[in-house]
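Per-entry structural report
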Amino acid sequence: MWQRLGQLILKYRLSLLIVLLATTVGMGYLASKVELSYEFTRAIPLDNPKYKSYQAFREKFGEDGNLLVIGVQTKELFDSSTFQSYVQLQEDLKKVNGVEDILAVPTAVELIKDASTERLKVIPLFDTQNFAQDKIDSGLLRFRKLPFYQGLLYNAETNAYLMGVRINKDLMNSKKREIVVNEVESIAKDFENKSGIAIHLSGLPYIRSKVALMIQDEMEFFLIASVVLSALILLLFFRSVSAMLLSIAVVGIGVIWSVGTLELFGFKISLLTALIPPLVVVIGIPNCIYFLNKFHVAWNQTGDKKRALVTMVDKMGVVTLFCNVSAAIGFAVFALTSSQILKEFGLVAGINIMALFFISLLFIPTVLSYLPPPKTRHTRYLENPRLNRWLTRMEKWSLNHRKIIYGTTTVCVMAAIVGIFKLKSEAFIVDDLPKSNTVYTDLKFFEAHFKGVMPLEIVIDTKKKQGVTRNLRNLEGIDSLSSYLASVPGIARPLSVAEGLKFARQAFFDGDPASYALPNSYDLPALAQYLSLKDSSAQKNSLGKLVGSFMDQNRQQARISVSMADIGSYRLPGLLDSIQQQADLIFNEGQEKKLGIELTGTSVTFLEGSRFIINGLKESIFWAFLLISLCMLYLFSSVRILLCSLIPNIIPLVITAGVMGWAGVPLKPSTVLVFSVALGIAIDVTIRFLVNYKQELPHFQQDVRRTVIQTIYSTGISIIYTSLVLIAGFVIFCFSEFGGTMALGWLTSLTLITATLTNLILLPALLLTSSTKKKS
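To keep things clear, this report deals only with the structure shown in the data block. Sequence order as written defines residue numbering, which begins from 1 separately in each chain. Given that the model is predicted, a residue must reach a pLDDT of at least 70 before its local features are reported, and side-chain atom pairs must reach 80 or more before they are shown or counted; all residues, however, enter totals for whole chains, interfaces and linings. Side-chain numbers come from the whole structure's heavy atoms, not from hydrogens or water.

Let us now look at the pattern of salt bridges. Salt bridges are defined by distance alone: a side-chain nitrogen of Lys or Arg within 4 Å of a carboxyl oxygen of Asp or Glu. With the rule as written, the count across this model stands at 9 salt bridges. A salt bridge links lysine 189 to glutamate 192; the nearest nitrogen and oxygen atoms lie 3.8 Å apart. With lysine 189 and glutamate 192 both in helix H7 (residues 176-195) and 3 residues apart, this pair spans about one turn of that helix. Taking the shortest distance from any N to any O, the salt bridge between lysine 502 and glutamate 499 comes out at 3.4 Å. Separated by 3 residues within a single helix, lysine 502 and glutamate 499 lie in helix H17 (residues 497-508), roughly one turn from each other. With a relative accessible area of 4%, glutamate 499 lands in the buried category. Here the residues in one salt-bridge network are Asp479, Arg493, Glu499 and Lys502, joined through shared partners. In this description a helix means any DSSP run of H or I spanning at least four residues, a strand means any run of E spanning at least two, and both kinds are numbered starting from the N terminus. For every residue, the accessible area obtained with a 1.4 Å probe (protein chains only) is divided by the maximum for its type, and the residue is called buried under 20%, exposed over 50%, and partly exposed between those limits.

What follows covers unusual backbone geometry. If you check the backbone angles, asparagine 159 has positive phi at about 55 degrees while not being a glycine. Among the secondary structure elements, asparagine 159 is positioned in the loop between strand E5 (154-155) and strand E6 (160-167). Residue class for asparagine 159 comes out buried when judged on its relative accessible area of 19%. Its identity is not glycine, yet glutamine 702 carries a phi of approximately 60 degrees, on the positive side. Tracing the sequence through the fold places glutamine 702 in the loop between helix H23 (669-696) and helix H24 (704-731).

It is worth spelling out the packing of aromatic side chains at this point. Each pair of aromatic rings taken from Phe, Tyr and Trp, with Trp reduced to its six-membered ring, is defined by centres within 6.5 Å and is described as stacked if the planes are under 30 degrees apart, edge-to-face if over 60, and tilted in the remaining cases. Taken as a whole, this structure holds 22 aromatic pairs when the rule is applied. Centre to centre, the rings of phenylalanine 126 and phenylalanine 143 are 6.1 Å apart; their planes meet at 55 degrees, and the pair counts as tilted. A residue pair is termed long-range when its members are at least 10 positions apart, and phenylalanine 126 in the loop between strand E4 (119-124) and helix H5 (133-144) and phenylalanine 143 in helix H5 qualify at 17 residues. Neither phenylalanine 126 nor phenylalanine 143 differs from the other in exposure class; each is buried.

Our focus in this paragraph is the pairing of strand E2 (residues 99-103). Each regular strand displays side chains that alternate between the two surfaces of the sheet. By the criterion of burial, E2 is predominantly enclosed, with 4 of the 5 residues buried. Strands pair, by our definition, only if DSSP identifies at least two bridges between them. Relative to E6, E2 runs antiparallel, the two being bridged by 4 bridges. Looking at the pairing, isoleucine 102 lines up with valine 165 of E6.

Here helix H1 (residues 2-11) crosses helix H12 (residues 340-370) at 60 degrees, and the two axes come no closer than 9 Å. The orientation of H1 with respect to H12, classified from their angle, is oblique. Between H1 and H12 lies a crossing whose hand is right-handed. In this structure, H1 contributes Trp2, Leu5, Ile9 and Leu10 to the contact, and H12 contributes Phe357, Leu361, Leu362, Pro365, Thr366 and Ser369. For this classification, the nonpolar set comprises Ala, Val, Leu, Ile, Met, Phe, Trp, Tyr, Cys and Pro, the charged set comprises Asp, Glu, Lys and Arg, and every other residue, Gly included, is treated as polar. Split by residue class, the contact of H1 with H12 holds 8 nonpolar, 2 polar and no charged. Geometry is summarised by axes, namely lines fitted to C-alpha atoms with helices restricted to the contacting stretch, and by angles between N-to-C directions that run from 0 to 180 degrees. We call two directions roughly parallel when the angle between them is under 35 degrees, roughly antiparallel when it is over 145, roughly perpendicular when it lies between 65 and 115, and oblique otherwise. Crossings are sorted by hand: turned counterclockwise from the far helix by less than a right angle, the near helix makes the crossing left-handed, and turned clockwise it makes it right-handed. Note on definitions: a residue-residue contact is assigned when non-hydrogen atoms from the two residues lie within 4.5 Å.

Here the focus is the sheet that holds strand E8 (residues 454-461). What the 3 strands build is an open sheet, ordered E9-E8-E10; its pairing is antiparallel. Single-partner strands in this sheet number two, and they are strand E9 (557-564) and strand E10 (596-600). Each strand of the sheet is rotated relative to its neighbour by a mean of 15 degrees, with strand direction disregarded. Judged from the 8 bridges that link them, E8 and E9 form a sheet pairing that is antiparallel.

Patches were defined on residues exceeding 30% relative accessible area and lacking a salt bridge, with like-charge contacts within 9 Å and nonpolar side-chain contacts (Val, Leu, Ile, Met, Phe, Trp, Tyr) within 5 Å. Accessibility throughout is a Shrake-Rupley quantity obtained with a 1.4 Å probe, and a residue counts as covered only by protein chains that appear here. For the purpose of counting charges, residues Lys and Arg are taken to be positive, whereas Asp and Glu are taken to be negative. His and the chain ends are not included. Charged groups are reduced to one reference atom each: NZ for lysine, CZ for arginine, CG for aspartic acid, CD for glutamic acid. On the surface, Arg239, Lys375, Arg377 and Arg380 cluster together to form a positively charged patch. Mapped onto the elements, arginine 380 comes out in the loop between H12 and helix H13 (385-400).

Below you can see the structure in the form of structure tokens.
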């Protein structure tokens, strides 16, 4: 079959080449239209209860993740010149297209009781037109007496101040977000340069924009680096510019197809899908090495280029097919999960790894048929003395030192199993960023001075119209839960309608800070008008908008908004459970009619997404293992060979997991990804070895020992070259700024190094041992 296919490819080589190039042009057009993802990609499915709850919250109360925060730390903020610059900063930010609102010290207000109307008047604390020092000092004195702003806009102990910039939610998920964030950052940096005060920026809009830009830059770097490195390795191996350019052309076509496939399916470039083009380069090069190696061997044997090309397709077609199938399975199993981000990655990667097989199968023979035959220097690598000496050592170890091989393997596996028990699952929202990155350091600034910026929302449903404002017990419950939250380490002072009522009560008692408390049953009727802030002139004020957003229109549901530190997925579940228990205790203990209490927001969806991805990845490892096993069983039709093939590939995964445990690398989406990817790629070496073993066995009259020796020498060099390309290709990812991508690089490289050793040393030993037992 494969011999006939090789003949047909050469017969219709021009037509096939034209079709291949025309398809590439079409995919190139699609690739030119692909866009970056500017949304927080869904890690959980649309029908997940947590996702539904979050979407319901956003519909009712608006976005929880569109606040960009700007922080400064200085004792001189209220000096006339500095304060004037700070006011100008706020004014400049208001002019940015997409900025809806700003809450900051210069526009802070106080509530004053108007004796004539018996209403609360909203009065600015600072005159932003008059910067006389005495005027600023007077406003500062009144500002310090308002507990509402403590922990919200300033930290008195550390002299840190916060400015909250709310960005339009429609811009958040569009390309314009990048422009808005860059403009805000530029204005903030101008203030820093003029005032000499260090500026810090954070919040989800800022973090997401910066990460998106880093993804774009890294995608370009890794693609160029993987191509250059692969080209150098190929040139070193084959000593042929034409062979190098041919291989680069194959993976170049694969890259164009992979990016075009993203656009074809309507996907955008995300943190995961950005890895696909460089992965296509890394995985595609071994295809070229396998084909070129067999072509050179056949050319040396026959001296006939056409026969050598047909032999190349005949011998390597099935090997490359199953190598690509196994690699594609390692990626495609992610499409079986319910996580959108994994589905996109798995589907596109799986399809394009299989496409690489057809590109290699058609492009390499057709182009080689037009090129002149290889020269002697191009095939000299087949007689590499140094590599042949290593292969001789491997042969001796496999034949004569099997007990040492098994003993060493057992010790390594036992040590790895101990390390596996040290593994723990933990992820952070920004833990993939390096600790020196300004996005990370600025986030830590806000955690140190304001306890964080990650949103957590608690929605209390009274299940009755006006149930929030006309039931003092519910208001007391909101205040009680807020007090509990404020006492929890890593959680900033919560905001709710109760804080607005406290602010109003303080105003009714002539601004006395001691009166900042929840109104009692006697105070509440007099303060009822404050709850109509949305219908009053205060609607235009930032404070009015803020406080009015803590109830729905029917005043049936109230929200408690919390900013918290990025404490990680290990601690977060326990924290959320304790909040849920405390809320149930406050609102529902001893009550016949239970109130609805829902924890939602970005922090909750992040946790659910991390759990979902990790569980999905664990399932994908199982499916990858099962499907690859079935492929191996179909290919070799032998349970004995199947077991011999799986053991050398399971051991590297176990060792890698053990190293993670000993090194303290946690299980998180980016590190769990390694296992099914590495399994799919590492099994290629096994297939290459065993297919050759199966093909050679009849020629040696079923003599396993002689066949194993021959297979080590005939496949060893191409296996070592291929493994070096793969390892070098994944090592590139170690230069990533993202911790997850870096982990993918060195963990996959470690797995491939171990897999190369187990397949060239342990696998031959297992074949010899199993054949001996079979005979006996």
